[in-house]
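Each chain is listed here by its residues.
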Amino acid sequence: MKGGHRPIEGGAVRPAGDGAGAPLLVLEDVARTFDVSPPWLNRVLERRPRTLLHAVDGVSLAIERGETLALVGESGCGKSTVARLIVGLHAPTRGTLRFDGTVLAGDGAGAVAPAARRLARRGMQMIFQDPYASLNPRWRVRDIVAEPILARSSAVPPREIDTRVAALLAQVGLAASDGAKYPHQFSGGQRQRISIARALSTEPRFLVCDEPTSALDVSVQAQVLNLMRDLQRRLGLTYLFISHNLAVVHHVADRVGVMYLGRVVEIAPTRRLFALPQHPYTRMLLEAVPDLSIVGRERVAVAGEVPNPLDPPPGCTFHPRCPSAEDRCRREAPMLRRCAAGGEVACHAVEEGRLDVRVPLPLLPDGPRAGRAAAGNPL
Ligand code: SF4
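Residues numbered from 1 in each chain as written. Predicted model: local features only at pLDDT ≥ 70, side-chain atom pairs only at ≥ 80, totals over all residues.

### So, the overall build of the protein
Helix and strand counts for the protein stand at 13 helices and 12 strands. Looking at the protein as a whole, 42% of its 379 residues qualify as buried. Expressed as a percentage of contacts within the protein between residues at least 6 apart in sequence, the contacts between residues at least 24 apart total 67%. (Helix = DSSP H or I, 4+ residues; strand = E, 2+ residues; numbered from the N terminus. Buried ≥ 20, exposed ≤ 12 C-beta atoms within 10 Å, placed from the backbone. Contact = placed C-beta atoms within 7 Å.)

### Description of the sheet that holds strand β9 (residues 255-260)
As summarised here, the arrangement of the eight strands in space is β6-β7-β8-β3-β9-β10-β12-β11, forming an open sheet in which the pairing is mixed. Taken across any chain shown, the strands that pair with only one partner, and hence form the sheet edges, are β6 (124-127) and β11 (337-338). Where strand β7 (residues 206-210) and strand β8 (residues 238-242) come together, five bridges link them in parallel fashion. If you follow Cys209 over to β8, its bridge partner there is Phe241. (Pairing = 2+ DSSP bridges.)

### Here's the deal with the packing of helix α4 (residues 141-152) against helix α5 (residues 158-171)
Close contact between α4 and α5 brings their axes to 10 Å; oriented N to C, the two are set at 110°. Considering their axes alone, α4 and α5 lie roughly perpendicular with respect to each other. Touching Arg142, Val145, Ala146 and Ile149 of α4 are Ile161, Arg164, Val165, Leu168 and Leu169, all from α5. (Axes fitted to C-alpha atoms, helices over the stretch in contact; angles between N-to-C directions. Parallel < 35°, antiparallel > 145°, perpendicular 65-115°, else oblique.)

### Overview of the site of the ligand
The immediate surroundings of the ligand are formed by Pro280, Cys316, Phe318, His319, Cys322, Ser324, Ala325, Cys329, Pro334, Cys347, His348 and Ala349. In the shell around the ligand, the residues fall into nine nonpolar, three polar and no charged. (Near = placed C-beta within 6 Å. Nonpolar A, V, L, I, M, F, W, Y, C, P; charged D, E, K, R; others polar.)

### Description of the confidence of the model for the protein
Here the protein averages 84 in pLDDT, and 85% of its residues register 70 or above. Predicted confidence is poor over residues 366-376, with pLDDT under 50, and the contacts of this stretch with residues over four places away or in other chains come to 22 contacts. (pLDDT = per-residue confidence, 0-100.)

### Side note on the sheet that holds strand β5 (residues 102-105)
Here we have four strands laid out as an open sheet, ordered β2-β1-β4-β5, and antiparallel in their pairing. In this open sheet, the two edge strands, each paired with only one partner strand, are β2 (52-63) and β5. Going across the sheet, the axis of each strand differs from the next one's by a mean of 30°, ignoring polarity. With nine bridges joining them, strand β1 (residues 25-35) and β2 adopt antiparallel strand pairing. Within the sheet, the bridge partner assigned to Phe34 lies in β2 and is Leu53. Together, β1, β2 and β4 (94-99) form the strand contacts of helix α2 (residues 79-87), whose direction differs from that of β2 by roughly 70°. Most of the contacts of helix α3 (residues 114-121) go to β5, to which it runs at about 95°, and overall it touches β4 and β5.

### Considering α5
When the terminal C-alpha atoms of α5 are compared, their 20 Å separation across 14 residues agrees well with the 20 Å that a helix rising 1.5 Å per residue should span. Every buried residue of α5 is accounted for by Val165, Leu168 and Leu169. The buried side chains of α5 occupy one side of the element, clustering within an arc of 100° when seen end-on. The exposed set on the far side of α5, more than 90 degrees from its buried face, consists of Arg159, Glu160 and Thr163. Those residues of α5 that are buried are in contact with α4 and α6 (188-200). One or two steps after α5, the chain reaches Gly173, where phi turns positive at roughly 85°. (Expected span 1.5 Å × (residues − 1). Arc of directions from axis to C-beta.)

### Section: the nonpolar core
Core analysis: the biggest nonpolar cluster contains 86 residues, and Ala70, Val145, Leu240, Phe241 and Val249 have the highest contact counts within it. Both of domain 1 (128-203) and domain 2 (266-375) provide at least three residues apiece to this core. With near-sequence residues (within four places) excluded, Ala70 lies in contact with Phe241, Ser243, Val249, Val252, Ala253 and Val256. (Core = buried A, V, L, I, M, F, W, Y, C linked by C-beta atoms within 7 Å. Domains from an automatic or database assignment.)

### Points about the packing of α6 against helix α7 (residues 218-235)
At their nearest, the axes of α6 and α7 sit 9 Å apart, and the two run at 20° to each other. Regarding the angle of α6 to α7, the classification is roughly parallel. As for how α6 packs across α7, the hand of that crossing is right-handed. Residues Gly188, Gly189, Gln192, Arg193 and Ile196 of α6 lie in contact with α7, whose contacting residues are Val220, Gln223, Val224 and Leu227. (Left-handed = near helix turned anticlockwise from the far one by under 90°.)

### So, unusual backbone geometry
Both trends apply: most residues other than glycine have a negative phi, and most peptide bonds are in trans. Notably, Glu203 is not glycine yet its phi reads approximately 55°, a positive angle. Note on placement: Glu203 falls in the loop between α6 and β7. With phi around 45°, Leu261 is a residue other than glycine that occupies positive phi space. Considering the arrangement of structural elements, one finds Leu261 in the loop between β9 and β10 (263-269). Here Leu261 falls in the buried class, since 24 other C-beta atoms lie within 10 Å of it.

Structure, rendered in structure tokens:
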């Protein structure tokens, strides 16, 4: 989250290593395909081929230590699948995933001992979107928070567990006595605090936050975001923040990656992305954010529908919705390339200088307007 460290330019994958200067997390050409074919007998009788869904299609990015990288995009763009690939809930179909110098999946993972991979994975945890569904309603808070500690070592004495749970609850603004209660006795914001305490119980360095505030009221969202920012500052955490809410992303992220149909189409420092969006899709998203300060100017809605991911368009998958599409866009998929404004963009028109991307969009401030934007988010 925005804080006391220098955001890096672009999302280029730098050489990894064990040194403190290397990125904490590196994804290289990571893809995940799901087989959504009908049952074998139906396929044979109907002579239909397998149906594959390319949920993530060649994502490469690097996350620096202490940084907050946000991924945004419409539903189905693959951002939550990226989160699940990172924490190991899905295995990548292609590509390499490296965390703190250890290859967790992909090329070279076979050479790493399973115990070393398990040890590395302990350095990351996930906070889920729905604090109502992610906490076991039959368990007391003390047991929920203690579970990851006991999963690591069942030999920890109960008294030490109690001390650690009390410290974790205090860290997220809850009382030690709350450990004796059940999740239903708490509000949504308090439940998300319990989820954060549970995530912190194994002392991770990296948190994957999958829409951590989208199920909460706007007023409570700010409290939880501020808590996460404080924890990041105090504990030196690194965040991957998945969100569909551009106002929240503007508030918390150092860099933002925009995803469309399984690919990153633009990645840049937050201020640059909001002030000078380059990719036509990013511009479309930001143009659609409601803004009462621009009275009289017509808002441009995000045009068209996301294509069927089972049958994506050839070339640039955004071309059916893009006002700047030309023949090359229908034939050739653009690669993510560094652009003069900073960051990286995957667009032929930007590469060819066909777009006037110098006109800055008004920045979303952190404040009341951000709240309005949250209420009418285009995603
Ligand atoms: Fe539009 Fe072509 Fe750029 Fe795709 S590559 S965003 S279709 S201009």
